[in-house]
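Residue-level structure breakdown
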Amino acid sequence: MKIKTNIYSALGEVSSVYDRRSIWTRSLISLRKAPYTARFGMVIIFGYMLVAIFAPILAPYGEAQVFPKPYAPWSSDYIFGTDQIGRDIFSRMIYGARNTVGIAVATTILAFLIGGVLGLAAAINRSWLDQVLSRSVDVLMAIPSLIFALVLLSIFGSTVSNLIIIIAVLDSTRVYRLTRAVSLNVVVMDYVEAARLRGEGLGWIMRREILPNIMPPLIAEFGLRFCFVFLTIAALSFLGIGIQPPTADWGSMVRENASLIMFAQYDLKAGLTPLLPAAAIALLTVAINFVVDWFLHKTSGLRDDQ
Amino acid sequence: MTNRTEKGAVLLSIKGLKIQGFSDEKWHDIINGVDLTLHAGEVLGLIGESGAGKSTLGLAAMGYTQPGCRITEGEIIFDGVDLAKLSDEGKRKLWGNRMAYVAQSAAASFNPAHRLIVQTTASSIRAGIKSRESAYEDAKQLYDVLNLPDPDHIGDRYPHQVSGGQLQRVMTAMAMSPRPDLLVFDEPTTALDVTTQVEVLASMRSIVEEFNTAAIYITHDLAVVAQMADVIKVLRYGYEVEEAPTRQMLSAPEQAYTKSLWSVRALEKPQQAVQASVLSLKGIEARYGAEKVLHNVNIEVPKGSTVAIVGESGSGKSTIARVITGLLPQTSGIVQFAGEDLPPALANRSKDQKRRIQMIYQMADTAINPRQTVREIIGRPLEFYLGMRGGTTTKRVVDLLEMIELDAGFLERLPEELSGGQKQRICIARALAAEPEFIICDEVTSALDQIVQEGILKLLLRLQKELGLTYLFITHDISTVKAIADQVVVMNKGEVVEQGLKTDVFQPPHPDYTALLLSSVPEMDPDWLSNLISKRQMVAG
């Protein structure tokens, strides 16, 4: 409804052309334009989510159900055989999706809560608080995180909640760095100054003025960080201090069945068995990266022809 | 060397050009069938408000479209070749050789890692027009023609080592280096101070005249275009409104829209009687770190009036705003508001003290949060200061929108769906929402087109009358001061040079600095620049 008269009016000023659409139609449009890699990634992630949610229905046997046939070969009864004490590997892989992915998601969310809030506060404050937080983060980052996690887990014990908290705190340092860096670009904007002049508190400025403007890089980082957390948990489990038995977990499943790989010369399928949980980890990581890549490209504002 | 076209021959002709831009999943018309003819040695001024398509047309004259745009119809004949159909390879041979472009922001257009002379001569050397030595020699001559200081050595500097006005002139030298037939200037002086603008305009005009180059000069500043152009074309919504030789266009515009553009500069506020002060600054000194930026500043702002602070960038005028709002506590002196002393630091001021002083910013783009809707932006001060909730807030927001001449249809819009002028109006509404007595306007119109500026100034004047507001108006534009101010404070290097009633300050005799500032403001007279230059030369000689 552009008013094309020859007199100036504030209503008739030319602004960028824009049709109001619901979030639903907007996301449908961008989904339709998504590249095949991103679609592939989304399908895989969706599949993992389904498996994790419906694990008890999909799995033929229980998570810790032991059969009197350790190291059974692949068969119609035990699709991927059984492990060293006779648990069905296929069932454990399905439950593993729930445990490993669930713990990784919880850890990543916690890491973002800690790192995000502290990063925002440091960016707005810019004085002593920034110094204290940034230097403590430097100290934490100076210690290799896997070794640090090993030490802490040995001290506090390998329970699921300890695992989540320790990895979240260690990973929140990276989130802190990112949040602080991207927030600094927003904090200098006049609208943040306007909010300060209005007398708004720290919480409002963080939540309403800055957070919505730094969401795109944070969401992309969430995907990547999730991959790292996931790999860290798998690595810790492989080393034996991650998720503890009898809880099914892909990392420890690789370790427990690692010796089977030596039988590959006699039975190829048996040799493949320890690689299955590893492949599950790899596939999910690749899928998430595909989606994050697409998202980053989209939010970078580059057109397709550039 | 290229076969130079004779003066008066048609160099460029555009016929029925249509350009579309792709945004939001659809193609939209940007240029709707515009014709344009440019003769050799002629300067064509393209004017219009933002969104009129003037930059798109200027670039199209070189056969270039911005990413996401396409030429759908029409032809662009440059010296017998249709640029609309020419291959990219063919166009690249013309660009930076027979046609060149001078961008708005010189600072953003130079590569900071190379010396100026290397960048000035790059395209000539690449195209094989000149050898390296002759190109360097020529660049030095161009620097001399453009009145750059120390023309033999300025080319050895890096972009950050020269001022904005100098950089803009170096860019003109860069464009002139291959002696193009066509130059496109895209708002080259918009980002400069008035006193610098005069020098840049004068050197641009002399170089265009000296080398008989045809030019397209894109701007929204009518007074500037009057100095530069032989012919003026007015654009709006991608259509041509009117085209005529400059003198005829200025004295007798035919279309109502053109007349409204011309009338902008006639706005002038009548002098008001002086009332008691609502805000007074007494002996203010302020520092950024060790550097002292304000020296003993005393300003009285009478209630219900407008005090304009004038000065170039770096004169400390924005610092005064930061002191009054409490963002930069003064090191000595007192800020008195409505009879009481304001605590220097923002944190020590009460909510009510904060509410009564509001601020409107220069860049509306950065002053409103791009992720909040108009309802949230204007509604927040209502909720925060006045404790309004839900339906009451929305009703009041609609009232405020109507007060700034917009309507309820804007409630759910995001800033990216607003034009520059509309954004600035939203900022005004946000300030009004707090029901303030005193509003600081920091260069609120300098980023806007003139016709939009006029709309905003009229709005501010009306609001002042209706609500009895007091304004502190920070600006470098003298015509804005004439339009809105009652009193004027002239600042230079952190000190007040002159202050008093507008009528007094604008009457001679002036202190030197005020005189320079006043004489540098372009006027709508096409002879203004020539007269000014000869006058200044006489004084200097």
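Residues and elements named next belong to chain B. When the domains of chain B are assigned, the result is domain 1 (10-266) and domain 2 (277-507). Here the C-alpha centroids of domain 1 and domain 2 sit 35 Å apart. In this assembly, 13 residues from domain 1 lie in contact with twelve residues from domain 2. Within the residue set of the side of domain 1 that touches domain 2, elements represented by two or more residues are α7 (194-210) and α10 (256-263). Looking at the side of domain 1 that touches domain 2 residue by residue, the classes come out as four nonpolar, five polar and four charged.

This part is about the sheet that holds strand β8 (residues 214-219) of chain B. Residue and element names in this part refer to chain B. Read from one edge to the other, the open sheet built from six strands follows the order β6-β7-β8-β3-β9-β10, with strand pairing classed as mixed. The open sheet has two edge strands, β6 (99-102) and β10 (239-245), and neither has a second partner. Direction aside, the axes of adjacent strands within the sheet are offset by 15° on average. Taken together, the five bridges between strand β3 (residues 43-47) and β8 define a ladder with parallel strand orientation. Residue Val43 lies in a different strand from β8, and its bridge partner there is Ala215.

Moving on: the confidence of the model for chain B. Residue and element names in this part refer to chain B. Here chain B shows a mean pLDDT of 85. Residues at 70 or above account for 97%. Within the model, the stretch residues 1-5 combines pLDDT values under 50 with seven contacts to residues more than four positions away or in other chains. Reported confidences for the modelled complex are a pTM of 0.79 and an ipTM of 0.75.

Backbone hydrogen bonds hold the strands of a sheet together, and the pairing may be parallel or antiparallel. Residue and element names in this part refer to chain B. Strand order in the open sheet formed by six strands is β16-β17-β18-β13-β19-β20, and the pairing between neighbours is mixed. Two strands lie at the open edges of the sheet, namely β16 (357-360) and β20 (495-501), each paired on one side alone. On average, each strand axis in the sheet is inclined to that of its neighbour by 15°, with strand direction left out of account. On top of the sheet, helix α20 (residues 512-519) reaches β13 (306-310), β19 (487-492) and β20; it is set at about 105° to β19, its chief contact.

Rules used throughout
- Residues numbered from 1 in each chain as written.
- Chains lettered and ligands numbered in written order.
- Predicted model: local features only at pLDDT ≥ 70, side-chain atom pairs only at ≥ 80, totals over all residues.
- Domains from an automatic or database assignment.
- Contact = placed C-beta atoms within 7 Å.
- Helix = DSSP H or I, 4+ residues; strand = E, 2+ residues; numbered from the N terminus.
- Nonpolar A, V, L, I, M, F, W, Y, C, P; charged D, E, K, R; others polar.
- Pairing = 2+ DSSP bridges.
- Axes fitted to C-alpha atoms, helices over the stretch in contact; angles between N-to-C directions.
- pLDDT = per-residue confidence, 0-100.

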